[in-house]
Amino acid sequence: MDAQMKRGFLDACVLATLLPGESYGYQIIKDAPPSLGLSESTLYPLLKRLETRGLIRVRKAEHNGRLRKYYSLTPEGNNAVREFLEDQAEVLSLYRFIQQAALNSAKAAKGSPADSDCAPAGQPDGAPPPDGTSSPQPAEPDSGPAFEKGAAPRIATVTATDPSSSLV
């Protein structure tokens, strides 16, 4: 994943690690998705920024003779996670746009119409090819489990024959 795209997910992923309850730095790094590549040098400035924004609170407590900081969500932090999830439909529509553009590009490269609504020249829209055959429909990909609490959302694959696909 692109570094800039990861930065867009950092705040939400760190806040999400705190949804079950308070945690400390090393545990947050372990709980965050490995694909995020979260490190101490990234986490601690991020936690300070989240605290300054009022999304998390910090308490210090002794643990094995050392002072440890524990982080927990504030109501504003919970709202930030909720708002991030509300943006899911918009983000998925961007993915669908990119998928459709890639599909159209692949079809155009093969010499077929770029869109299922486009008929070859001289053939009315929706009419079968002159030889009586029908063009094959793309196989439906394995879409995986539905989005569930605690599970990572799955991005649906969109085909030209089913532009209304959504989360599965």
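The structure reproduced in this document is the subject of the present report. All residue numbers refer to positions counted from 1 along the written sequence of the respective chain. It should be noted that, the model being predicted, local features are given only for residues of pLDDT at least 70 and side-chain atom pairs only at 80 or more, the latter also being counted only at that level, while totals for whole chains, interfaces and linings use all residues. Note: side-chain values were computed over all heavy atoms of the structure, leaving out hydrogens and water.

Here we look at the pairing of strand β1 (residues 56–63)
Whether two strands pair comes down to DSSP finding at least two bridges between them. Each helix corresponds to a stretch of at least 4 residues labelled H or I by DSSP, and each strand to a stretch of at least 2 residues labelled E; elements are numbered beginning at the N terminus. Here β1 pairs with strand β2 (residues 66–73) via eight bridges, running antiparallel. Within the sheet, the bridge partner assigned to Lys60 lies in β2 and is Lys69. The loop that links β1 with its antiparallel partner β2 comprises two residues; one of these, Asn64, has a positive phi angle of about 50°.

Description of the nonpolar core
Within soluble globular proteins, side chains that are nonpolar generally end up buried alongside one another. The definition of a nonpolar core used throughout is a set of buried Ala, Val, Leu, Ile, Met, Phe, Trp, Tyr and Cys residues joined through side-chain atoms within 4.5 Å. Only protein chains enter the accessibility calculation, which uses a 1.4 Å probe. A residue is then buried if its area is under 20% of the maximum for its type, exposed if over 50%, and partly exposed in between. In this structure, Val14, Ile28, Leu38 and Ile56 are the most contacted members of the largest nonpolar core, which totals 19 residues. Going through the elements one at a time, α1 (3–17), α2 (25–31), α3 (40–52) and β2 are the ones with two or more residues in this core. What makes two residues a contact is simply this: any of their non-hydrogen atoms within 4.5 Å. With residues up to four places along the chain from it excluded, the contact list for Val14 reads Ile28, Leu38, Leu43, Leu46, Leu47 and Leu50.

Observations concerning the packing of aromatic side chains
In this scheme Phe, Tyr and Trp rings, the latter by its six-membered ring, pair at centre separations within 6.5 Å, and the angle between planes marks the pair as stacked below 30 degrees, edge-to-face above 60, and tilted otherwise. Inspection of the entire model under this criterion finds two aromatic pairs. Each ring, one from Phe9 and one from Phe84, has its centre 5.8 Å from the other, and the planes form 75°; the classification is edge-to-face. In this pair, Phe9 is assigned in helix α1 and Phe84 in helix α4 (residues 75–86), connecting sequence segments 75 residues apart. Among the residues examined, Phe9 registers a relative accessible area of 27% and is labelled partly exposed. Note on Phe84: relative accessible area 33%, which makes it partly exposed. Seen from their ring centres, Tyr24 and Tyr70 are 6.1 Å apart, and the 80° between their planes marks the pair as edge-to-face. Taken together, the positions of Tyr24 in the loop between α1 and α2 and Tyr70 in strand β2 put the pair 46 residues apart, joining distant regions of the chain. Take Tyr24: its relative accessible area is 22%, and that puts it in the partly exposed class. Above the face of the Tyr70 ring, Arg59 is positioned so that its terminal group lies 4.6 Å from the ring centre. Think of it as a cone above the ring: NZ of Lys or CZ of Arg counts as a charge over the ring if it is within 6 Å of the ring centre and within 35 degrees of the ring normal. Over the ring of Tyr24 we find Arg68; its NZ or CZ atom is 3.7 Å from the centre of that ring.

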